[in-house]
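Fold and contact review
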There are 2 protein chains.
Amino acid sequence: MLTQIIGYGAGITTAIAILPQVTKSWKTRSTKDISLLWTLIYLFSMLLWVTYGILLKEIPMIITLSIETILYVILLGLKIKHG
Amino acid sequence: MLTQIIGYGAGITTAIAILPQVTKSWKTRSTKDISLLWTLIYLFSMLLWVTYGILLKEIPMIITLSIETILYVILLGLKIKHG
């Protein structure tokens, strides 16, 4: 029970974490300090995580990871736009 | 079997992803575009993930997450140092 709560807490917190980065990059229109390679590798890992979630049929995992993936796609878009 | 391989691949790729960001911030000594809040929330989520791994007694999970945590601590240090 406690293990599950910590697991869900970890998943949700990881997904939320990138939100302040996306809003910061959106507002400042400056992303030069952000590594393009990081966003690309991280996004690739997200695709693997979503696939893993689908194979396990873990709906909460699929939902939180999908939200996280969307946020990283937005960040990647901002990085490509602003350099 | 395939599910496990994808799971481990996802975990390792997530841990590796932050490496180019750490090396970029280390070399350029510029971190102003990086959100402090992101690094703090992400690190907090990493502590939850490591706790989750310990509760599940999943050694590969604990090892990869610990490496990832160390890399984020270094990034946080660089962010605090360079602003």
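Preceding this section is the structure that the text describes.
Quick summary incoming for the structure in this document.

On the side of chain B, 32 residues touch chain A, which itself brings 33 residues to the contact. Buried surface at the junction of chain A and chain B, summed over both partners, amounts to about 3000 Å²; 71% is from carbon and sulfur atoms. On inspection of chain A and its partner chain B, the count reaches 0 salt bridges. In this assembly, chain A and chain B are joined by 19 residue pairs in polar contact (both at pLDDT 80 or more). Counting residues per element, the ones that place at least two in the side of chain A that touches chain B are α1 (2-17), α2 (19-28), α3 (36-56) and α4 (59-82) of chain A. If you tally residues by element for the side of chain A that touches chain B, the top one is α3 of chain A, at 12 residues. When grouped by side-chain class, the residues that make up the side of chain A that touches chain B number 17 nonpolar, 12 polar and 4 charged.

With that settled, consider the packing of helix α3 (residues 36-56) of chain B against helix α4 (residues 59-82) of chain B. A packed helix pair is summarised by two numbers, namely the angle formed by the two axes and the spacing between the axes. Residue and element names in this part refer to chain B. Remark: α3 packs on α4, axes separated minimally by 9 Å, with the N-to-C direction vectors making an angle of 160°. Taken together, the axis directions place α3 and α4 in an arrangement best described as roughly antiparallel. Crossing handedness for the pair α3 and α4: left-handed. Residues belonging to the contact of α3 with α4 are distributed by class as follows: 18 nonpolar, 4 polar and 2 charged.

What follows deals with the layout of surface pockets. Approximately 920 Å³ is the volume found for the largest pocket. Together, 34 residues line the largest pocket, and W49 and M61 of chain A together with W49, Y52 and M61 of chain B are the ones closest to its centre. Breaking the lining of the largest pocket down by element, the ones donating at least two residues are α1, α3 and α4 of chain A together with α1 (2-17), α3 and α4 of chain B. Taken together, the residues of the lining of the largest pocket break down into 19 nonpolar, 11 polar and 4 charged.

What follows is about the environment of L55 of chain A. For L55 of chain A, the location among the structural elements is in helix α3. You can call L55 of chain A partly exposed: its relative accessible area is 38%. Filtering out sequence-adjacent residues up to four positions away, L55 of chain A remains in contact with T3 and I6 of chain B.

What follows concerns α1 of chain B. Across its 16 residues, α1 of chain B extends 22 Å between first and last C-alpha, which sits within 8% of the 22 Å expected from 1.5 Å per residue. Along α1 of chain B, the residues classified as buried are I6, G7, A10, G11, T13, T14, A15 and A17 of chain B. The elements touched by buried residues of α1 of chain B are α3 of chain A together with α2 (19-28), α3 and α4 of chain B.

Before going further, it helps to examine the relation of the copies chain A and chain B. Rotating chain A by 180° about the axis while translating it 0.0 Å along that axis superimposes it on chain B, leaving an RMSD of 0.0 Å. The relationship between the two copies is best expressed as a two-fold rotation axis. Among all residues of chain A, the minimum C-alpha distance to the rotation axis is found for D33 of chain A, at 2.7 Å. Both copies share a contact surface, since 97% of the interface residues of chain A are interface residues in chain B too.

Before going further, it helps to spend a moment on the packing of α1 of chain B against α4 of chain B. Residue and element names in this part refer to chain B. With their axes 9 Å apart at the nearest point, α1 and α4 run at an angle of 15° to one another. As far as their axial angle goes, α4 and α1 are roughly parallel. Taken as a pair, α1 and α4 cross one another with a handedness that is left-handed. When α1 is examined against α4, the residues Y8, G11, I12, T14 and A15 are found in contact with a partner set consisting of P60, T64, E68 and L71. Residue composition of the contact of α1 with α4, by class: 5 nonpolar, 3 polar and 1 charged.

Parameters and conventions
Residues numbered from 1 in each chain as written. Chains lettered and ligands numbered in written order. Predicted model: local features only at pLDDT ≥ 70, side-chain atom pairs only at ≥ 80, totals over all residues. Heavy atoms only, no water. Contact = heavy atoms within 4.5 Å. Buried area = accessible area lost by both parts, 1.4 Å probe. Salt bridge = Lys/Arg side-chain N within 4 Å of Asp/Glu carboxyl O. Polar contact = N/O pair within 3.5 Å; in protein donor to acceptor, adjacent residues only side chain to side chain. Helix = DSSP H or I, 4+ residues; strand = E, 2+ residues; numbered from the N terminus. Nonpolar A, V, L, I, M, F, W, Y, C, P; charged D, E, K, R; others polar. Axes fitted to C-alpha atoms, helices over the stretch in contact; angles between N-to-C directions. Parallel < 35°, antiparallel > 145°, perpendicular 65-115°, else oblique. Left-handed = near helix turned anticlockwise from the far one by under 90°. 1 Å grid on protein atoms, 1.4 Å probe; cavity = no way out; pocket = protein on both sides within 12 Å on 5 of 7 lines; lining within 4 Å. Points joined across faces, edges and corners; volume = space filled by probe spheres on them. Buried < 20%, exposed > 50% of the residue type's maximum accessible area, 1.4 Å probe, protein only. Expected span 1.5 Å × (residues − 1). Least-squares fit on C-alpha atoms with pLDDT ≥ 70 in both.

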